[in-house]
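Chain by chain, the residues:
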Amino acid sequence: MARTTISSMFGSSPVKPLQQHMAGVQECIVELVPFFEAVLEQDWKTAKAQQKKIAKLEGAADKLKRNLRMQLPRSLFMPVSRRDLLEVLTMQDKIANKAKDIAGVITGRKMEFPETVSDQLMAFVKRAIDASMQAQTAINELDELVETGFGGREVKLVQSMIKELDAIESENDKIEVKIRAALFKIENDLPPVQVMFLYRVIDWIGELADLSQRVGSRLELLLAR
Amino acid sequence: MEFEITLLVMACVFGLFMAWGIGANDVANAMGTSVGSGAITIKQAVLIAAVFEFAGAFLAGGQVTKTIRKGIIDAELLSGTPELLVYGMLAALLAAGIWLLVASRFGWPVSTTHTIVGAIVGFAAVGIGFEAVKWGKVGSIVASWIVSPALAGIISYWLFRSVQTLILNTSKPFENAKKYVPFYIFLTGFIIALVTMFKGLKHVGLETTIVQNYGMAFIVGIVIMFIGIRFIRKLKIDPNADKDFHFANVEKVFAILMVFTACAMAFAHGSNDVANAIGPVAAVVSIVNSGGEIGQKSDLPIWILILGGGGIVLGLLMYGRRVIATIGKNITELTPSRGFAATLAAATTVVIASGTGLPISTTHTLVGAVLGVGLARGIGALNLNVVRTIFLSWVVTLPAGALMAIFFFFTFKGMFGG
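Residues numbered from 1 in each chain as written. Chains lettered and ligands numbered in written order. Predicted model: local features only at pLDDT ≥ 70, side-chain atom pairs only at ≥ 80, totals over all residues. Heavy atoms only, no water.

K.L.:
What is the right way to look at the overall build of chain A in this model?
P.N.:
For chain A, the count of helices and strands is 9 helices and 1 strand. Going from N to C terminus, chain A has its helices and strands arranged as α-α-α-α-β-α-α-α-α-α. Along the first, second and third principal axes, the C-alpha set of chain A runs to 70 × 40 × 20 Å. Within chain A, buried positions represent 56% of all 225 residues. Considering only contacts in chain A between residues 6 or more positions apart, those separated by 24 or more positions represent 83%. Put simply, chain A shows about 10200 Å² of open surface, and 52% of that area lies on carbon and sulfur atoms. (Helix = DSSP H or I, 4+ residues; strand = E, 2+ residues; numbered from the N terminus. Buried < 20%, exposed > 50% of the residue type's maximum accessible area, 1.4 Å probe, protein only. Contact = heavy atoms within 4.5 Å. Areas by Shrake-Rupley, 256 points an atom, 1.4 Å probe, with all protein chains shown as cover.)

Here's what the structure looks like:
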């Protein structure tokens, strides 16, 4: 039976798929914790398995991303701007991409981390994951935002969540500064190429939190139209 | 005039066929939003539609019927040749009925109202003469086709905004829903009753003054409100339901409200769309009954209203329930708090049009109402292609109805003799 005028006017809402994508991203990046635990112990078998798992989860999130993009034609009329929504999606996706890159380069080079920074490094990774978890919490409020028509208390609630996210990110920044300082002290004793990649990986972990924060700020843009 | 009985029977059969078609296809659009939002089941929708479509047709369908029957064509010009009007009305009915059948087969978005108006204007302008059409009246009908979706959109926008302010965006949405939803239920009953009263219930033997109208409408609203409050009190709150989605229980209150707006919608639809089927029948019957006189003064016989209402219910029961089920399945993004705003706005607009005697498209009005809620940022995703579809249906339906009516008009003229 053909669809009638009324039923054809209802598109499928992008909210649930966007939330599912973020959940997929989160699933991917929490795997960084066991991955780093294995790396710090130089257990390359486990690390390799974890890296594969991360790559697989990233691929799954990618699929969700493509599906959502496909179902957002320009003729769709949404309570949020289509462009901002796609930006949120892109940012979410970059988190998973970055996690995959981090795991990839560490496994590929069988990188060693100096023992003096290993505790801080673990805290650094975990805080980055906290940031993306907070971003997910905020994204999960999107259906409530649509329900309330983007007004009142719900907006304030999401704004406070985003504020919290910003706090986590800046905390993460501080840890990064400390790790860099610690690394700087010992860098002359290490092979230069390794040092280069250590800085790069630290950079990328910092970017994880940064990207999560950007998911939050894009979400904030969605609120105000 | 010859062949009186034949013509009379043909009119009734064609009218019933048309009413059946409205019940089979059109009603589904009116009820689909209520089913899709999960407020009522398909069975309930069919029951509500059967009762209230009939009630709307019977109690408030007279005015639009009058417009279709004698508002579009200047019958004065035909006082010498009343049979032409009979052929024309039969042709219009048959053309519209067939066109709707074909269109719904292929899933083309057509409007019953536009088809029948196009058909009547078509046969009159070509078969009788350009001056036989009351172009001023036709102009106001066409204008109402633009105004009605816009008006419904404005009403639904503000209705939904009021829901946001009073209920959804407060710290206690559930408590406020229980507090304010009865008022919306009252509003629903009041508006429908008021317009129906104002139009007059003379044909069921009820003559009322303005004060009585308001009084009656008020009483109807209050009674319906108390029925609603009883249902809301019985509502069981499920604290677990709010875990994932904090508004699950609030929506349950709106679901009760939506049962009432669904009734209003069915009533409104019946009051406006029954005319598409029985307006031409009434025209034929009055000419044949008066022995060839173009009886402009005669009242609408009640049995014709019953014929139309019955035809709609028949179509609904035989075929419409399946269409409702399909639409209901397709509309899953609409929650009761939105569905009610859209339905009530559309029902109000349609019932006002019915009272004014303007034949409008219920479906297009509902589309306007849903877009209004969308503008208030209430709906996840709306497909704007639907607007293009509506314009397309105008462009296609009006000429199609007209051409077929012209064809049948000359066929009948040839068959029965002019």
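This is not the end of the story, as more comes after the structure.
K.L.:
Please clarify how the packing of aromatic side chains should be interpreted in this entry.
P.N.:
The way to describe two aromatic rings as a pair is by their centre distance and the angle between their planes. Inspection of the entire model under this criterion finds 20 aromatic pairs over all chains. Ring geometry for Phe254 of chain B and Phe340 of chain B: centres 5.8 Å apart, planes at 25°, overall stacked. Taken as a pair, Phe254 of chain B in helix α9 (residues 248–289) and Phe340 of chain B in helix α11 (residues 336–356) lie far apart in primary sequence, 86 residues in all. Assigned by exposure class, Phe254 of chain B and Phe340 of chain B land together as buried. Three or more aromatic residues joined by ring pairs make a cluster, and in this case those are Phe183, Tyr184, Phe186, Phe190, Phe218, Phe254 and Phe340 of chain B. When the ring centre of Phe197 of chain A is taken as origin, the NZ or CZ atom of Arg109 of chain A, which lies over that ring, is 3.9 Å away. (Phe/Tyr/Trp six-rings, centres within 6.5 Å; stacked < 30°, edge-to-face > 60°. Lys NZ or Arg CZ within 6 Å of the ring centre and 35° of its normal.)

K.L.:
Help me out: how do you make sense of the nonpolar core in this one?
P.N.:
For soluble globular proteins, the rule of thumb is that nonpolar side chains tend to be buried together. Residues Met31, Phe340 and Phe412 of chain B are the most contacted members of the largest nonpolar core, which totals 145 residues. When residues of this core are assigned to their parent elements, the largest contribution, 26 residues, is made by α9 of chain B. Core analysis: the next-biggest nonpolar cluster, separate from the first, contains 77 residues, Leu72, Met91, Ala138 and Ile205 of chain A among them. (Core = buried A, V, L, I, M, F, W, Y, C linked by side-chain atoms within 4.5 Å.)

K.L.:
How should I be thinking about helix α7 (residues 173–199) of chain B in this particular structure?
P.N.:
Because an α-helix completes one turn every 3.6 residues, residues spaced three or four positions apart along the sequence face the same direction. Between the first and last C-alpha of α7 of chain B there are 38 Å, a value that for 27 residues agrees with the 39 Å anticipated at 1.5 Å per step. Counting buried positions along α7 of chain B gives 20 out of 27 residues, so the element sits mostly inside the fold. (Expected span 1.5 Å × (residues − 1).)

K.L.:
What am I meant to see in the interface of chain A and chain B here?
P.N.:
Interfaces are often sized by the amount of accessible area the parts lose when they come together. Each partner contributes to the interface: chain A provides 35 residues, whereas chain B provides 45 residues. The largest per-residue losses of area from chain A upon contact with chain B belong to Met9, Phe77 and Glu147 of chain A, which jointly make up 23% of the total buried on that side. For the pair chain A and chain B, the interface holds 1 salt bridge. The salt bridge partner of Glu147 of chain A is Arg338 of chain B, with a shortest N-O separation of 3.4 Å. The interface formed by chain A and chain B includes 12 residue pairs in polar contact (both at pLDDT 80 or more). Residues that form the side of chain A that touches chain B fall into these classes: 15 nonpolar, 12 polar and 8 charged. Relative to strand β1 (residues 382–383) of chain B, strand β1 (residues 76–77) of chain A runs antiparallel, the two being bridged by 2 bridges. Bridge pairing in β1 of chain B places Leu76 of chain A opposite Asn383 of chain B. (Buried area = accessible area lost by both parts, 1.4 Å probe. Salt bridge = Lys/Arg side-chain N within 4 Å of Asp/Glu carboxyl O. Polar contact = N/O pair within 3.5 Å; in protein donor to acceptor, adjacent residues only side chain to side chain. Nonpolar A, V, L, I, M, F, W, Y, C, P; charged D, E, K, R; others polar. Pairing = 2+ DSSP bridges.)

K.L.:
Sorry if this is basic, but what is going on with the pattern of salt bridges here?
P.N.:
A pair can form between side chains of opposite charge whenever their charged atoms are brought close. Scanning the entire structure with this criterion turns up 13 salt bridges over all chains. Several salt bridges share partner residues, and in doing so they unite Asp62, Lys65 and Asp93 of chain A into one network.

K.L.:
It is not clear to me how the packing of helix α2 (residues 15–30) of chain A against helix α6 (residues 115–139) of chain A should be interpreted in this structure. Could you clarify?
P.N.:
Residues and elements named next belong to chain A. The contact between α2 and α6 brings their axes to 10 Å, and the two run at 165°. Between α2 and α6, the angle is such that the two are roughly antiparallel. The way α2 lies across α6 gives a crossing that is left-handed. Along its contact with α2, which presents Leu18, Gln19, Met22, Ala23, Gln26, Ile29 and Val30, the element α6 presents Ala128, Ile129, Ser132, Met133, Ala135, Gln136 and Ile139. Of the residues assigned to the contact of α2 with α6, the class counts are 10 nonpolar, 4 polar and no charged. (Axes fitted to C-alpha atoms, helices over the stretch in contact; angles between N-to-C directions. Parallel < 35°, antiparallel > 145°, perpendicular 65-115°, else oblique. Left-handed = near helix turned anticlockwise from the far one by under 90°.)

K.L.:
I'm lost on unusual backbone geometry in this one. Help?
P.N.:
Where the residue is not glycine, phi is negative for most of them; where a peptide bond is considered, it is trans in most cases. Of note, Lys110 of chain A is a non-glycine position whose phi angle comes to about 45°, a positive value. One can find Lys110 of chain A in the loop between α5 (82–109) and α6. Notably, Arg377 of chain B is not glycine yet its phi reads approximately 60°, a positive angle. A relative accessible area of 11% places Arg377 of chain B in the buried class.

K.L.:
Which parts of the structure should I look at to understand helix α2 (residues 42–60) of chain B?
P.N.:
Residue and element names in this part refer to chain B. For α2, spanning 19 residues, the distance from its first C-alpha to its last is 25 Å, which sits close to the expected 27 Å at 1.5 Å a residue. Along α2, the residues that are buried comprise Ala45, Val46, Ile48, Ala49, Ala50, Glu53, Ala55, Gly56, Ala57, Phe58 and Ala60. Where α2 is buried, its residues contact α1 (4–36), α3 (62–70), α7, α9, α10 (302–330) and α11.

K.L.:
Please explain a nonpolar patch on the surface as it appears in this structure.
P.N.:
Residues and elements named next belong to chain B. Together, Met216, Ile219, Val223, Ile227 and Phe231 line one region of the surface with nonpolar side chains, adding up to about 440 Å² of accessible area. On the secondary structure map, Phe231 appears in helix α8 (residues 210–234). The class of Phe231 is partly exposed, set by a relative accessible area of 43%. (Patch = residues over 30% accessible without salt bridge, like charges linked within 9 Å, V, L, I, M, F, W, Y side chains within 5 Å.)

K.L.:
I tried to follow the side chain of Ser37 of chain B on my own but got confused; where do I start?
P.N.:
Residue and element names in this part refer to chain B. With respect to the helices and strands, the residue Ser37 is situated in the loop between α1 and α2. Within the structure, Ser37 has its side chain in polar contact with the backbone oxygen of Ser34 (distance 3.1 Å). In this view, Ser37 contacts Met258, Ile331, Leu334, Thr335 and Pro336; residues no more than four positions away in its chain are not counted.

K.L.:
I would appreciate a short explanation of the environment of Pro399 of chain B in the present structure.
P.N.:
Residues and elements named next belong to chain B. Here Pro399 is to be found in helix α13 (residues 385–416). According to the relative accessible area criterion, Pro399 is partly exposed, its value standing at 39%. Considered as a pair, Pro399 and Thr113 are 286 residues apart in the sequence and their alpha carbons are 13 Å apart.

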